[in-house]
Amino acid sequence: MVYRKTRHLLQAKKDAYRNGDRVLYNQARNTLNEEIRVAKRTYAKKLEDQFTSNDSASFADDTTLIGFIQDGDESAYREEVKQLTVWLIYLNNNKCSRTDVASVSSWSAPIIWEGTFDSTLVDSIYKQQNLTIATTVFALGKYMRFVKDFLESAEQHYFVGFRVHYYLFTDQESVPEVKMGENHSLTVRKVQSFNRWQDISMSRMEKLEKLIENELASEADYIFCLDIDTKFYGRWGAETLGRLVGVIHPWFFDAPRNQLTYERRPESQAYIPAGEGDYYYAGAAFGGSLKDVYHLTKTCREQLNIDAANSIEALWQEESHLNKYFLLNKPSKLLSPEYMWRDISASAAQIKIIRFSNVAKNYAEVRPNP
């Protein structure tokens with residue numbers, strides 16, 4: 001079957017990478033990418049045919065979306081079918097008005113920009129599913145000052161009309177009061193203080209892993225992990241939902257590969273060789289299904305611990321490990337820098353709307369160390 005061939009190619013690529021055989025890795029990667037492109041073209045046609053015939057059961061059983069069935073487990077495969085249906089039908093109907101940006105990755109994952117989705121269509125489908133989106137933020141030390149603006153702006157723009165449960169991790173006693181909207185709630189969790197902002201960053205993966213493992217299995221359907229020193233300015237909705245979601249970094253979305261700031265030291269578990277890499281992803285925002293984000297956080301936590309045992313700290317801490325993870329485990333959906341912009345006052349021709357952005361601040365003043 002087609003999916004078996006792709007699984008074999010995917011395994012061959014992973015084996016070559018782990019064995020350090022760069023020539024074989026490049027060959028395996030190119031062969032896999034071509035096989036996926038062929039399968040996705042067939043898949044897109046099946047999507048349109050099955051969608052228009054309203055035969056969803058047949059579609060789910062007969063689709064050529066392959067590579068996600070692992071050891072007989074079809075959950076990721078069926079999740080992908082659900083997530084890509086709306087997006088691909090929208091593109092197949094030629095409603096995408098963007099020609100200035102790429103709206104699909106080399107492995108055929110959608111890249112979400114303004115003009116590439118119909119918010120009414122997306123919401124009409126996902127609101128029927130009675131979803132809960134868990135959302136985590138960390139506000140340690142002086143970063144508590146950003147909580148009020150984050151939450152108040154989120155209540156205006158973030159998954160409006162959906163059930164949202166915010167989890168705020170902090171070492172502070174006092175938390176600003178913010179009125180939550182209908183079906184939105186906030187839980188505050190106390191965590192230890194750190195003397196280095198780098199340690200705060202690196203500790204997040206373990207906290208997220210434990211939260212998903214111990215609490216969220218019966219509480220949420222998806223999770224997003226966001227930075228607190230940010231603010232929402234526009235819609236962030238169901239168009240962002242996916243099995244594994246990465247956000248393209250606002251400083252590197254149009255940069256050549258040799259300028260991407262991956263960890264380049266082979267001694268680190270976050271190491272990405274020169275000439276490798278797809279996009280540079282922001283550590284300030286990522287998400288997906290509970291299962292996939294759990295695997296991401298667990299893997300990154302383990303890799304961070306190995307580096308720590310070897311007295312190595314990756315260039316950009318957890319963000320470096322996140323980028324290594326996404327290199328080996330491709331996101332099923334990418335969000336454009338609209339969903340993590342660098343500054344509300346900055347502009348770029350490709351950015352038609354700023355949905356979520358860092359806020360201006362004096363890092364030397366708010367961080368516990370330089």
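Residues numbered from 1 in each chain as written. Predicted model: local features only at pLDDT ≥ 70, side-chain atom pairs only at ≥ 80, totals over all residues. Heavy atoms only, no water.

(A) Region of the structure containing the pairing of strand β5 (residues 222–226). Taken across its five residues, β5 has five buried, putting it largely inside the fold. Covered by surrounding structure in β5 are Tyr 222, Phe 224 and Leu 226 together with Ile 223 and Cys 225, the residues of both alternating faces. Note: strand β2 (residues 132–139) against β5, four bridges, orientation parallel. Paired with Thr 135 across the strands is Phe 224, a residue of β5. As paired strands, β5 and strand β8 (residues 281–289) are joined by five bridges and run antiparallel to one another. Each bridged residue has a counterpart across the sheet, and for Tyr 222 the counterpart in β8 is Ser 289. (Buried < 20%, exposed > 50% of the residue type's maximum accessible area, 1.4 Å probe, protein only. Helix = DSSP H or I, 4+ residues; strand = E, 2+ residues; numbered from the N terminus. Pairing = 2+ DSSP bridges.)

(B) Broad picture of the nonpolar core. Within the largest apolar cluster, 42 residues are counted, with the highest numbers of intra-cluster contacts made by Tyr 158, Leu 226 and Trp 236. For this core, the secondary-structure elements that each account for two or more residues are α5 (119–126), β2, α6 (147–157), β3 (163–170), β5, β7 (244–248) and β8. At four residues, the largest contribution of residues to this core is made by α6. Not counting chain neighbours up to four residues away, the residues in contact with Leu 226 comprise Thr 135, Thr 136, Val 137, Phe 150, Tyr 158, Arg 204, Phe 232, Trp 236, Ala 284, Ala 285 and Phe 356. Counting 37 residues, the second largest nonpolar core, distinct from the first, contains Leu 211, Leu 216, Val 293 and Ala 348. (Core = buried A, V, L, I, M, F, W, Y, C linked by side-chain atoms within 4.5 Å. Contact = heavy atoms within 4.5 Å.)

Spatial relationships are all this shows, so hold off on functional conclusions.
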